[in-house]
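Structural characterization, general
These are the residues of each chain, in order.
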Amino acid sequence: MSQIKKEMLLFFIIPFVVITGCEGGKMTEKGAVFSSINTLSESQLNELSRKKIYFGHMSVGYNIVDGINDLIKENPRLKINVIESKDPSSIVDPVFAHSAIGNNVDPKSKLADFVQLVESGMGQRVDIAFFKFCYVDVESSTDVAELFKQYKNAMSNLKRKYPKVTFVHVTVPLTIVQTGWKAHIKRILGKPLGGYADNVKRNEYNELLKKEYIEKEPVFDLAAFESTDPKEGRSYFTVNGRVYHSLFPSYTSDGGHLNEKARRLIAEQLLVFLAMI
């Protein structure tokens, strides 16, 4: 198609797009069910405060930890000692310890770092241990089957070596996808839409993780909470007739990290989840 014909086509497409809206990013599918920290009993909150927990992460993890600190300031019933440390010797009293692990865009480094950290002494001190990949760790070029195979093998080995530790599995976080009239134009012209290919891979990895562990071992479905607004439903897009999920647009200011609203909301879900273990 010549450039002149493309421009003529866009001239007629744009008004139509503005009227009809966009396909990607609709908020109509029902998603995760949110719980309030206020629904937890005193005994559940006391049990949570007595646990020794370690959480390995990078930037979105820091967003979630900020949300936990927000909740602690707001709710005097939450007596959780949050520290940033990957030193096993710091895990003496009940604590929610966290730290950065590995390098972004290198999920294998995060997996290796977590394994090394557990085996260097953390596995003998904590009740619960978990880590999460970042959205930048799983992109369109990622071999999700191979990555999950390595993850599954590593976690199986840790579980065998440290049977007293509860290892939690966490789904990969998502990003927003391109929506609006520009997305429609790209679709018509056969051009790739922003965020689609990367989020497809993240969804595929998350499905492998959930299929393997749900109803068998604890799974915190971070992606489900990230893609769901309690009132407006779930953010999703379709590729070749298949539905995939994306970060709810109002949860972020840069397309991937959690804003103040989202960090508090998801932190609350994590604390409720940990209290129920």
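Below: a short report on this structure. Numbering of residues begins from 1 in every chain and follows the order in which that chain's sequence is written. Reporting in this predicted model follows two pLDDT cut-offs: at least 70 for local features of residues, and 80 or more for side-chain atom pairs to be given and counted; totals over whole chains, interfaces and linings ignore these cut-offs and use all residues. The side-chain numbers reported here are obtained from all heavy atoms of the structure, hydrogens and water having been left aside.

This paragraph deals with empty space enclosed by the protein. Here a cavity means grid points, on a 1 Å grid over the protein atoms only, where a 1.4 Å probe fits yet cannot get out; a pocket means an open set of points with protein on both sides within 12 Å along at least five of seven lines; lining residues are those with an atom within 4 Å of a point. Grid points are joined across faces, edges and corners, and a volume is the space filled by probe spheres set on the points. The full count for this structure, using the stated rule, is 3 cavities of 30 Å³ or more. Reported here for the largest cavity is a volume of approximately 70 Å³. Along the walls of the largest cavity sit Leu 174, Asn 203, Asn 206, Glu 207, Lys 210, Asp 221, Ala 223, Ala 224, Ser 227, Arg 234 and His 245, which together make up its complete lining. Working definition: helices are DSSP H or I runs of at least four residues, strands are E runs of at least two. Numbering for both runs from the N terminus. Residue contributions to the lining of the largest cavity peak at 4 residues, all from helix H7 (residues 196–213). Grouping the amino acids of the lining of the largest cavity by side-chain chemistry returns 3 nonpolar, 4 polar and 4 charged. Under the grouping applied here, Gly and all other residues not named as nonpolar or charged are polar, the nonpolar ones being Ala, Val, Leu, Ile, Met, Phe, Trp, Tyr, Cys and Pro and the charged ones Asp, Glu, Lys and Arg.

This brings us to the pairing of strand S2 (residues 52–57). A simple rule labels every residue: compare its accessible area, found with a 1.4 Å probe on the protein chains alone, to the largest value its type can have, and call it buried under 20%, exposed over 50%, or partly exposed in between. Most of S2 sits out of view: 5 of its 6 residues are buried. Two strands form a pair only when DSSP identifies at least two bridges running between them. Inspection of the sheet shows S2 paired to strand S4 (residues 95–100) by 6 bridges, in the parallel sense. Bridge pairing in S4 places Phe 55 opposite His 98. The sheet contact formed by S2 and strand S5 (residues 128–131) spans 4 bridges and is parallel. Bridge pairing in S5 links Phe 55 to Phe 130.

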